[in-house]
Amino acid sequence: QVQLAESGGGLVQAGGSLRLSCAASGRTFSEYVAGWFRQAPGKEREFVSTISLNGGVTYYADSVKGRFTVSRDNAKNTVYLQMNSLKPEDTAVYYCAAGRTPQIISVAYDYWGQGTRVTVSS
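Thresholds, definitions, all that
Residues numbered from 1 in each chain as written. Predicted model: local features only at pLDDT ≥ 70, side-chain atom pairs only at ≥ 80, totals over all residues. Heavy atoms only, no water. Pairing = 2+ DSSP bridges. Helix = DSSP H or I, 4+ residues; strand = E, 2+ residues; numbered from the N terminus. Axes fitted to C-alpha atoms, helices over the stretch in contact; angles between N-to-C directions. Core = buried A, V, L, I, M, F, W, Y, C linked by side-chain atoms within 4.5 Å. Buried < 20%, exposed > 50% of the residue type's maximum accessible area, 1.4 Å probe, protein only. Disulfide = S-S within 2.5 Å.

1. Some words on the sheet that holds strand β8 (residues 78-83)
Strand-to-strand pairing in sheets goes through backbone hydrogen bonds, with the strands running parallel or antiparallel.
Okay, step 1: Strand order in this open sheet of 4 strands is β1-β3-β8-β7, and the pairing throughout is antiparallel. Both outer strands of the open sheet, β1 (2-7) and β7 (68-73), are each paired with one neighbouring strand and no more. Neighbour to neighbour, the strand axes of the sheet diverge by 15° on average, direction disregarded.
Okay, step 2: Of the strand pairs in this sheet, β7 and β8 are connected by 6 bridges, and their pairing is antiparallel. The residue of β8 that forms the bridge with S71 is Y80.

2. Re the nonpolar core
Okay, step 1: Counting 34 residues, the largest nonpolar core has L4, W36, F68, V79, L81, M83 and Y94 as its most contacted members.
Okay, step 2: With 5 residues, strand β9 (residues 92-99) is the single largest residue contributor to this core.

3. Structural notes on the state of the cysteines
Okay, step 1: Following the criterion strictly, the structure yields 1 disulfide and no others.
Okay, step 2: Residue C22 pairs covalently with C96 via a disulfide, S to S 1.9 Å. Disulfide C22-C96: torsion about the S-S bond near 50°, hence right-handed. Within this pair, whereas C22 is found in strand β3 (residues 18-26), its partner C96 is found in strand β9, the two being separated by 74 residues in sequence.
Okay, step 3: Residue C96 is classed as buried on the basis of its relative accessible area, which comes to 0%.

None of this, on its own, says anything about what the molecule does.
Right, here's the structure in full:
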């Protein structure tokens, strides 16, 4: 079992930045691929980014590519999502997830946090 807890969300103006953190506990986090997803009001959950076991491989949704950066610190059992140049359309609840293989579909992930809300004002 892996427990995940996101933090770092909040209200920011368009063009601003936030850094989300996802702290893991339980089994060794370095054994899991990490992913970030988001769900905007009235919309389905969508893929944002994923990062490999050692952080060497990352992948992003086209909508965030060049603005968001995913990283992880396995010594701290934490994965991060640095979000720059935020847009109102980035407003959503952001979830981190842990799984065995890097995937862009949510069902591939076994463990989920409860989410952190990001609101970007125009």
